[in-house]
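Below, each chain spelled out in residue letters.
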Amino acid sequence: GVALVSLMAIFGLGLIPGLIVAVIAAMIPMAAVSFIAGQRARKFVAQLPDMLHLLSGSLRAGYSLVQGVDAVSKEVDGPMARELRRVMTEARLGRELEDALEASAERIGSKDFEWVIMAVRIQREVGGNLAEILEAIAHTIRERIKLKGEVRVLTSQGRITGWVISMMPILLTLLLMVISPNYMGGMVENRMCGWPMLGCGLGLIGTGAAVIQKIVNIDY
């Protein structure tokens, strides 16, 4: 509350502009955290095929699955290294390796990694050559990553358009409130008509942004 009052005093904003600025300021940290988490997850998935190839090679060399994961955790870097080292720490403390890997997949939010764990569980139950299975999964994941890259390129214009269209009315309203308060004063001060119109406008902007993101967010 104190920060909002100070901000309004510094910039000469009214109640509604101050609330809008406060909401945007509160959303920035959440958006930043979401962006960083998404970048980390994408980097993890990008490393997954190479990790599976290394793990497959370790298994072909005679290592057990636990030994192979431990060896691979020392060869890779980035988010993959951190997750595998955490998995090995949990395994040394007595947790089943598959459970530790599954918890890692949940933290990252990677469906591709969940497939790997599912393959490991099935191989443990019915048998088979795990090294060949991991090689096949690595090839599939690499093709999926290539497809995702192509889809992101094709839908990038739609995503950017959605953000621009969503932010333009809000930024234009704030600009008009700052440079010409009297022009927007009637809408801001009129609680019977102005506030419902502002609320309806924000709702329509949010709905439009959600629809655009739904259109360009292709499931594969």
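Residues numbered from 1 in each chain as written. Predicted model: local features only at pLDDT ≥ 70, side-chain atom pairs only at ≥ 80, totals over all residues. Heavy atoms only, no water.

Draft legend 1. Inspection of a nonpolar patch on the surface at higher detail. The grouping of Trp115, Met118, Ile122 and Val126 at the surface amounts to a nonpolar patch, some 410 Å² of accessible area in total. Topologically, Ile122 is positioned in helix α6 (residues 111-126). We classify Ile122 as partly exposed; its relative accessible area is 44%. (Patch = residues over 30% accessible without salt bridge, like charges linked within 9 Å, V, L, I, M, F, W, Y side chains within 5 Å. Areas by Shrake-Rupley, 256 points an atom, 1.4 Å probe, with all protein chains shown as cover. Salt bridge = Lys/Arg side-chain N within 4 Å of Asp/Glu carboxyl O. Helix = DSSP H or I, 4+ residues; strand = E, 2+ residues; numbered from the N terminus. Buried < 20%, exposed > 50% of the residue type's maximum accessible area, 1.4 Å probe, protein only.)

Draft legend 2. Representation of helix α7 (residues 130-179). At Thr155, α7 is deflected by roughly 50 degrees, the largest bend along its length. Where α7 starts, the residue carrying a side-chain oxygen 3.1 Å from the main-chain nitrogen of Ala131 turns out to be Asn129. (Bend = angle between axes of the 7 residues up to and from the residue. Polar contact = N/O pair within 3.5 Å; in protein donor to acceptor, adjacent residues only side chain to side chain.)

Draft legend 3. Expanded view of the packing of α6 against α7. Where α6 meets α7, the closest approach of the two axes is 11 Å, and the angle between their N-to-C directions is 165 degrees. Relative to α7, the element α6 lies roughly antiparallel. Judged by the twist between their axes, the crossing of α6 over α7 is right-handed. Note on element contacts: α7 touches α6 through Leu130, Ile133, Leu134, Ile137, Thr140, Ile141, Arg144 and Lys148, opposite Asp112, Trp115, Val116, Ala119, Val120 and Gln123. Residues that form the contact of α6 with α7 fall into these classes: 9 nonpolar, 2 polar and 3 charged. (Axes fitted to C-alpha atoms, helices over the stretch in contact; angles between N-to-C directions. Parallel < 35°, antiparallel > 145°, perpendicular 65-115°, else oblique. Left-handed = near helix turned anticlockwise from the far one by under 90°. Contact = heavy atoms within 4.5 Å. Nonpolar A, V, L, I, M, F, W, Y, C, P; charged D, E, K, R; others polar.)

Draft legend 4. Spotlight on the nonpolar core. Met51, Leu52, Leu84 and Phe113 are the most contacted members of the largest nonpolar core, which totals 32 residues. Sorting the residues of this core by element identifies α2 (15-60), α3 (65-75), α4 (78-92), α5 (97-108), α6 and α7 as the ones contributing at least two each. Considering every element that reaches this core, the biggest residue donor is α2, with 7 residues. In contact with Phe113, other than residues within four places in its own chain, are Phe44, Leu48, Met51, Leu101, Ser104 and Ala105. (Core = buried A, V, L, I, M, F, W, Y, C linked by side-chain atoms within 4.5 Å.)

Draft legend 5. Molecular detail of empty space enclosed by the protein. Following the criterion strictly, the structure yields 1 cavity of 30 Å³ or more and no others. Counted as a void, the largest cavity has a volume near 80 Å³. Among the elements of the structure, α2, α3 and α6 are those that each provide at least two residues to the lining of the largest cavity. For the lining of the largest cavity, the element with the most residues is α6, which contributes 4 residues. Looking at the lining of the largest cavity residue by residue, the class counts come to 11 nonpolar, no polar and no charged. (1 Å grid on protein atoms, 1.4 Å probe; cavity = no way out; pocket = protein on both sides within 12 Å on 5 of 7 lines; lining within 4 Å. Points joined across faces, edges and corners; volume = space filled by probe spheres on them.)

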